[in-house]
Amino acid sequence: MDLAILTVGEEVLAGDTTNTNASWIANRVTSRGSSVQRILTIPDDQELIAETVKEWSNSFDAVVVTGGLGGTHDDVTLEAVASAFDREVVTDETVLEDAKTKVKEYRQNHPEAFENHDFDLDYEAWSSVPEDSEVLLNPEGLTPGWVLENIYAFPGVPKELKALFELVVEDFDGSIRSNVLLTDQPEGTMAEELSEVQKEFDVTVGSYPSTSGHNQIKISGTDQQEIQKASDYLTENLEVVD
């Protein structure tokens, strides 16, 4: 499976928030055999979000979108994706009841918070989803995730994203497998061997130098035997650490 990851948020572009979501998702799907082809961060611009998800929907097997969901003024991802696929934004009754239950429980457990602060309880915003989407109840918050065609949308709060993503993680099973070799040999001395292994075997090879540990060589492909042959070749021709 080839997929793309789209992060929405001015705070990420400004450097106020580190985009840990994209790296976490990429690691999670890669470990299941899928391949990430694009990672992009864009502002809370409804037209740009709509254009991007529509284009990527036609180019990749799946598009994962994080950020811009919820009830604040700059949360425009829902409307953008819905408009890109000509869907209405509707209220999901299951999400609505879930949000009311969670707020009631929070009020009971933290009465002082409601006594000292005025909460803007926008249940309609929290329970809004695109028409015809598969709704994912949020185990860690109020705003749901949802799937519309091949677009997977999640709120940007890392704890909520991770909990929701696990509900659909099996959708991202793919055929790519990998093996990692460790070496202390300088990257600049391995060019010939790395080039040769890609010519001889049906694999891709990545070399990742480290300043704090062993350098890594990652061999990936869809044929486990080819991966093993390539790994054996590099083990014989490079200074591989056991």
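It should be emphasised that the depicted structure is a prediction, and the values quoted were computed from it without experimental measurement. (Residues numbered from 1 in each chain as written. Predicted model: local features only at pLDDT ≥ 70, side-chain atom pairs only at ≥ 80, totals over all residues. Heavy atoms only, no water.)

J.: Can you break down the pairing of strand β9 (residues 177–183) residue by residue, with the values?
T.: Looking along a regular strand, one sees side chains alternate from face to face of the sheet. As paired strands, β9 and strand β11 (residues 215–221) are joined by seven bridges and run antiparallel to one another. By the bridge assignment, Leu181 is partnered in β11 with Ile217. Of the strand pairs in this sheet, β9 and strand β12 (residues 240–241) are connected by two bridges, and their pairing is antiparallel. Counted as the bridge partner of Thr183 is Val240 from β12. (Pairing = 2+ DSSP bridges. Helix = DSSP H or I, 4+ residues; strand = E, 2+ residues; numbered from the N terminus.)

J.: Help me get a handle on the pattern of salt bridges, residues and values and all.
T.: Counted according to the given criterion, the structure contains six salt bridges. The salt bridge partner of Asp173 is Arg32, with a shortest N-O separation of 2.6 Å. Pair noted here: Asp173 is in the loop between α8 (158–165) and β9 and Arg32 is in the loop between α2 (20–30) and β2 (35–42), with a separation of 141 residues, a long-range link. In this structure, Arg87 and Asp132 form a salt bridge, with 3.3 Å as the shortest nitrogen-oxygen distance. Taken together, the residues Arg87 in the loop between α4 (77–84) and β4 (89–91) and Asp132 in the loop between β5 (128–130) and β6 (134–136) connect sequence positions 45 residues apart. (Salt bridge = Lys/Arg side-chain N within 4 Å of Asp/Glu carboxyl O.)

J.: Can you lay out α2 for me, pointing to particular residues and giving the numbers?
T.: Of all the positions in α2, only Asn21, Ala22, Ile25, Ala26 and Val29 are classed as buried. Buried positions in α2, seen along its axis, are confined to an arc of 130° and lie on one side of it. Tucked into the core, α2 has its buried residues touching β1 (2–8), β2, β3 (62–66) and α8. (Buried < 20%, exposed > 50% of the residue type's maximum accessible area, 1.4 Å probe, protein only. Arc of directions from axis to C-beta. Contact = heavy atoms within 4.5 Å.)

J.: Could you give an account of unusual backbone geometry, with specific residues and numbers?
T.: Residue Asp132 is not a glycine yet carries a positive backbone phi of 70°. What makes Asp132 exposed here is its relative accessible area of 60%. Within the chain, Glu149 stands out as a residue other than glycine whose phi angle is a positive 55°. The topology assignment puts Glu149 in the loop between β7 (145–148) and β8 (151–154).

J.: Can you explain the nonpolar core? Please cite residues and give values.
T.: Residues Val53 and Trp146 are the most contacted members of the largest nonpolar core, which totals 23 residues. With residues near it in sequence (within four places) discarded, Val53 still touches Leu6, Val65, Val81, Ala84, Phe85 and Ile151. Grouped together as the second largest cluster of nonpolar side chains are 18 residues, Leu3, Ile5, Leu161 and Val168 included. (Core = buried A, V, L, I, M, F, W, Y, C linked by side-chain atoms within 4.5 Å.)

J.: Explain the packing of aromatic side chains to me, and be specific about the residues and the numbers.
T.: Taken as a whole and assessed by the stated rule, the structure comprises seven aromatic pairs. Ring geometry for Tyr123 and Trp126: centres 5.5 Å apart, planes at 90°, overall edge-to-face. Within this pair, Tyr123 and its partner Trp126 are both found in helix α7 (residues 123–126), separated by three residues, close to a single helical turn. Overall, Trp126 belongs to the buried group, its relative accessible area being 13%. Feature note: the residues Trp24, Tyr152, Phe154, Phe165 and Phe172 constitute an aromatic cluster, connected by ring pairs. (Phe/Tyr/Trp six-rings, centres within 6.5 Å; stacked < 30°, edge-to-face > 60°.)

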